[in-house]
Every structure is written in structure tokens, then in C-alpha cells.
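# Analysis of the macromolecular model
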Amino acid sequence: DRGFFLGASGDGWRGVGVNVADGHRLFAPVRLGPNARAASTRCFVNGPAPLLCVWEASGQPRRAWVVNTETGALMFDGPTELRAYGSGPEPRLSQVGDYVVAAVPDSGVHGVGPHAELTWFVPGDGLLGDSAGPNSDLQPMKFASQGVFKAPDIVFSVADGVSVKPSAGRDASVGSAIVYAGGFGFSYHDQDGTERVALLDEYGRLSAQMAGGLVNTSPDVPIVGDESQLRVVTMSGRQLLEIPKPTLRLYARLIGTTLYVASDKRLRSWQQFDLRTGAKGKACDAEGLSTSYIGSDGAIAILTGEPSPVAYGMDMATCETAWAMPGT
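Residues numbered from 1 in each chain as written. Predicted model: local features only at pLDDT ≥ 70, side-chain atom pairs only at ≥ 80, totals over all residues. Heavy atoms only, no water.

## Structural notes on the sheet that holds strand β28 (residues 300-304)
Spatially, the 4 strands line up as an open sheet ordered β27-β28-β29-β30, and their pairing is antiparallel. A strand with exactly one partner marks an edge of an open sheet, and here the two such strands are β27 (293-296) and β30 (321-325). Going across the sheet, the axis of each strand differs from the next one's by a mean of 20 degrees, ignoring polarity. As paired elements, strand β29 (residues 311-315) and β30 share 4 bridges and run antiparallel to each other. The partner of A311 across the bridge, within β30, is M325. (Pairing = 2+ DSSP bridges. Helix = DSSP H or I, 4+ residues; strand = E, 2+ residues; numbered from the N terminus. Axes fitted to C-alpha atoms, helices over the stretch in contact; angles between N-to-C directions.)

See the structure below:
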């Protein structure tokens, strides 16, 4: 129920916290630092209380601010090696669940402490694997994954870096891991070359195994595919839905108990499926479901539009626009 908002004016950047359930302010606006031409600031949630913001401006040293979101106190204000945008050898920040991690190419992934310092470290290739983004309706991610060069992907806790390395048994060839809200899964080939899927719970314990391969464009819910069909399953392996295999690559998003599936080139047409009954619903023309989804109350899905409208609500029952906020 907490939202954090960032704004810039002539005398600098400010952050404020709001209870989004009732509109009350959590703390008074906190002045973070000066504004500047061509400057940008991006903020990340980093655990129960801290909010980490990184300021970047062309030709100037980067700066970090850490705000205690329970009190509004500025816990840290100083230079940082962390990077929120672009590419380079410096640690690049990514939001995973309720924590921020810092990935370094060809090195690995670090945790970030309350003073914007690097903490724990998991060696690897520094490339975070597929997982649900921050705008998922599901519970926050507890794990992330990265490649370990020629070895199987390694899965680790984003809270403390403790690793859970997938294993499918002797002589099995393990593929890439996909992290879900309730655990993680990975595809592998057994000794006779058959492709199979293993699903593990949030403690790394094996929950289910089945034939097929994981669809890596469905981070909200496991989808297992073979040559002719796709099966939507729970983390325990129970089948919820069967979908004919599309010609093009399939993308999926779960909102409540409704799964939206798109396979067209522009990701505009999203077919609804009720995971409680398997029933096929309406097809929605909503390009924003791929990358511009904000959230939902179960009846209205909120999406962003560029450049206008700034945001609009899509009635999930009819796929029609219920309201829109025009751009300025």
C-alpha cells in the first residue's frame, strides 16, 4: 500500500511517500539533491524500509541517496559507482521483487546495502535471467538467476545472495532457469536426450517434473511446451490450461486469475483464458499489456500510453477503455 514518487523543480529533486490505499502522505517531501540539465534520477525499493535513488548527469560523477521510507530520514547522500542507466563496467542496478541488485558484466551480481555500498556477491556472467518484472500482480520475487558461463544457471536469494544451484541428477544437461513468484523452474535433457522440466519451490525443493520445455516469455506462471501444445501449470505441476502451440513466439501475462496470451508480431492482440475454468474469454486489443502494464484491481487493468494518454483503464470484462488520463 505504499507508493514513492519523485519530482524535480528548479531547486532540486524531491521524494515523497504516499499510502496509495487512502492517499495519506507517509512523510514530508525529502530534498535529495540539485537538479541539472540532462540529469536523470531513478529510484529502487531495497528491502522493508530503504529507498535507493541514483542521480546521473552527463560528464558528472553519479550520486546516490537512500531514504528511510518509514521515517522519511535521509540515510545516505554521497558519490556512488552504481549505475541506473546505460551500459559499462560499473554495477548496473535492477529491481527484483522488494530488493535491488547490482550486476557487473562477466563478473556476477552484488547486493546493495543501506549506504549504497556493495554487499554480498554471487559470481557469474552478470546477466540476470527471465523473471516477472516489478509490475507483476504476483507476490514479490525472492530469487533471481544468472548464467555461470558454461555451467547451469545459478539461482540465488535477492535478500542475502544465498545460492540454490539447480541439479537434475547425474549426466543431465541443465538449461537456463526461470524464476517465478513461488519458486523457479528449469529445462534439462535427461540421459536419453528427452527434454524435461523441473519445478522447485522457494526453498529449492523439487515440486514437479514433466516432459517438455519451459516457455521463457511467461515469467508470471510456468508454461510447458512440446511439439504440438502448451500447458499452463502450477508450481506443483498441476495442469490449469492447455493451449495450441502458436506459429509465432508466445507471450503471457497473468492478471488475477485471467491469463492474457499474445503471439502476434506487435503483441497487440491478447487472448483471455480463465485459469479457474479453462474457459476462453475475449481477445483484447491492448499493446500496453506487453511492457506498459501498471496494475489492476481485478476489474480494471491500468496501462500507460505514449505520448497520450498518460494512463488509461481497460475494462477486463469487455476490453473497452473505461477511462483515460490525457497527456500534457
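Having put the structure on the table, let's press on.
## Looking at the side chain of R231
When you line up the elements, R231 lands in strand β21 (residues 229-233). Judged by its relative accessible area of 13%, R231 falls in the buried class. Leaving out residues up to four positions away in the same chain, R231 has contacts with M210, A211, P222, I223, V224, D226, Q239 and L241. (Buried < 20%, exposed > 50% of the residue type's maximum accessible area, 1.4 Å probe, protein only. Contact = heavy atoms within 4.5 Å.)

## Here's the deal with unusual backbone geometry
At D106, a position not held by glycine, the phi torsion is positive, near 60 degrees. Turning to its location among the elements, D106 is positioned in the loop between β9 (99-104) and β10 (108-112). The exposed category is assigned to D106, whose relative accessible area is 65%. In this structure, L267 is a non-glycine residue whose phi angle is positive, near 55 degrees. Position of L267 among the secondary structure elements: in the loop between β24 (258-262) and β25 (269-274).

## Structural notes on the state of the cysteines
Overall, the coordinates contain 2 disulfides when judged by the stated rule. Bridging C43 to C53, the disulfide has an S-S length of 2.0 Å. Because the sign of the S-S torsion sets the handedness, a value of about 105 degrees for the bond joining C43 and C53 places this disulfide among the right-handed ones. On the criterion of sequence distance, the pair formed by C43 in strand β4 (residues 39-45) and C53 in strand β5 (residues 50-57) is long-range, its members being 10 residues apart. According to the relative accessible area criterion, C43 is partly exposed, its value standing at 28%. Taken N- to C-terminal, the disulfide-bonded cysteines of the chain are connected 1-2, 3-4. (Disulfide = S-S within 2.5 Å.)

## With respect to the sheet that holds strand β7 (residues 74-79)
Read across the open sheet, the 4 strands follow the order β4-β5-β6-β7; overall the sheet is antiparallel. Lying at the two open borders of the sheet, with one neighbouring strand each, are β4 and β7. The average undirected angle you get between the axes of adjacent strands in this sheet is 15 degrees. As judged from the 5 bridges shared by strand β6 (residues 63-68) and β7, these two strands associate in the antiparallel manner. Pairing of V66 across the sheet is with F76, part of β7.

## Comments concerning the environment of F4
In this fold, F4 is placed in strand β1 (residues 2-9). Classification of F4 as partly exposed rests on a relative accessible area of 25%. Separated by 182 residues in the primary sequence, F4 and F186 have C-alpha atoms spaced 34 Å apart. When neighbours within four sequence positions are excluded, F4 is seen to be in contact with V16, G17, L26, F27, V45, L51 and T69.

## Let's talk about the environment of P89
Looking at the secondary structure, you find P89 in the loop between β7 and β8 (92-96). The exposure class of P89 is exposed, given its relative accessible area of 66%. For the pair formed by P89 and P105, sequence separation is 16 residues and the distance between their alpha carbons is 6.7 Å.

## Here's the deal with the confidence of the model for the chain
Averaged over every residue, the pLDDT of the chain is 87; residues scoring 70 or more account for 92%. Mean pLDDT per element in the chain: strand β15 (residues 173-180) is the minimum at 78, and β10 is the maximum at 97. (pLDDT = per-residue confidence, 0-100.)

## Quick word on the side chain of E56
Residue position: E56 is located in strand β5. No salt bridge is formed by the buried E56; the nearest opposite charge belongs to R62, separated by 4.5 Å. Only 2.6 Å separates the side chain of E56 from the backbone nitrogen of A84, close enough to count as a polar contact. (Lys, Arg positive; Asp, Glu negative; His and termini not counted. Salt bridge = Lys/Arg side-chain N within 4 Å of Asp/Glu carboxyl O. Polar contact = N/O pair within 3.5 Å; in protein donor to acceptor, adjacent residues only side chain to side chain.)

## Things to note about the packing of aromatic side chains
Going through the model one piece at a time under the given rule, you end up with 3 aromatic pairs. Pairing F186 with Y188 gives two aromatic rings, centres 6.1 Å apart and planes at 50 degrees, and the pair type is tilted. Given a relative accessible area of 4%, Y188 falls into the buried group. Over the face of the ring belonging to Y85 we find R42, whose NZ or CZ atom lies 5.9 Å from the ring centre. (Phe/Tyr/Trp six-rings, centres within 6.5 Å; stacked < 30°, edge-to-face > 60°. Lys NZ or Arg CZ within 6 Å of the ring centre and 35° of its normal.)

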